[in-house]
Amino acid sequence: EIENQGAYDPNSTLCVGLSRLGQKDQCIIAGTLEELKEQDFGAPLHCMIICGEVHDLELQFLKKFMVEGSQFKANDHKYEIDCSGGGGNDKSEDVDDSNKEEDNDEG
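A few points on the structure. (Residues numbered from 1 in each chain as written. Predicted model: local features only at pLDDT ≥ 70, side-chain atom pairs only at ≥ 80, totals over all residues. Heavy atoms only, no water.)

## Quick look at the pattern of salt bridges
The line we're drawing: By convention in these notes, a salt bridge is any Lys or Arg side-chain nitrogen within 4 Å of a carboxyl oxygen on Asp or Glu. The rule is simple: take the accessible area with a 1.4 Å probe, protein chains only, and divide by the maximum for that residue type; under 20% is buried, over 50% is exposed, in between is partly exposed.
In this structure the tally under the stated criterion is two salt bridges. We note a salt bridge from Glu34 to Lys37, for which the minimum N-O separation is 3.2 Å. Taking relative accessible area as the criterion, Glu34 reaches 31% and is therefore assigned partly exposed. Assessed through its relative accessible area of 56%, Lys37 is described here as exposed.

## Side note on the sheet that holds strand E3 (residues 46-50)
Heads up, the rule is: Pairing between strands is defined by DSSP: at least two bridges between the two strands are required. Only DSSP runs of H or I reaching four residues or more are called helices, and only runs of E reaching two or more are called strands; each is numbered from the N terminus. Lines fitted to C-alpha atoms define the axes here, with helix axes fitted over just the stretch in contact, and angles between the N-to-C directions of these axes take values from 0 to 180 degrees.
Pairing is antiparallel in the open sheet, where three strands are placed in the order E2-E1-E3. In this open sheet, the two strands that pair with only one neighbour each are strand E2 (27-32) and E3. Shown here is a sheet whose adjacent strand axes are inclined to one another by a mean of 15°, direction ignored. Here five bridges tie strand E1 (residues 14-19) to E3, and the two strands are oriented antiparallel to one another. Note on E3: the bridge partner recorded for Cys15 is Ile50.

## Some words on the nonpolar core
For clarity, the threshold we go by: As used here, the term nonpolar core means buried Ala, Val, Leu, Ile, Met, Phe, Trp, Tyr and Cys residues forming a set that is joined through side-chain atoms within 4.5 Å.
Counting residues in hydrophobic clusters, the biggest one holds twelve residues: Leu14, Val16, Leu18, Ala30, Cys51, Val54, Leu59, Leu62, Met66, Phe72, Ala74 and Tyr79. When contributions to this core are tallied by element, the ones reaching two or more residues are E1, helix H2 (56-62) and strand E4 (71-74). The element best represented in this core is E1, accounting for three residues. Membership of the second largest hydrophobic core comes to six residues, among which are Cys27, Ile29, Leu36 and Phe41.

Written as structure tokens, this is what we have:
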């Protein structure tokens, strides 16, 4: 990561909060750090995962745990999850143009 720019953005980096894993009342919620700070995870023990690059299968699995209306960025794509439609309604768009090479072909 570029110096002094931080490793993640609380408004767009995908995170997963977990509590009491393996118990009957376990809690798993995914979204941005800003979205997760408003969620109630209940009693301890808690764990927080800050995601880096995420495989498409991992994203598919996390959909059922997403904060409704979550807008996160993963793998240089911005996602908006619509949880009301039972999945399949997520939208993504490229957001990072800074690392793309321009096409200099003139023919």
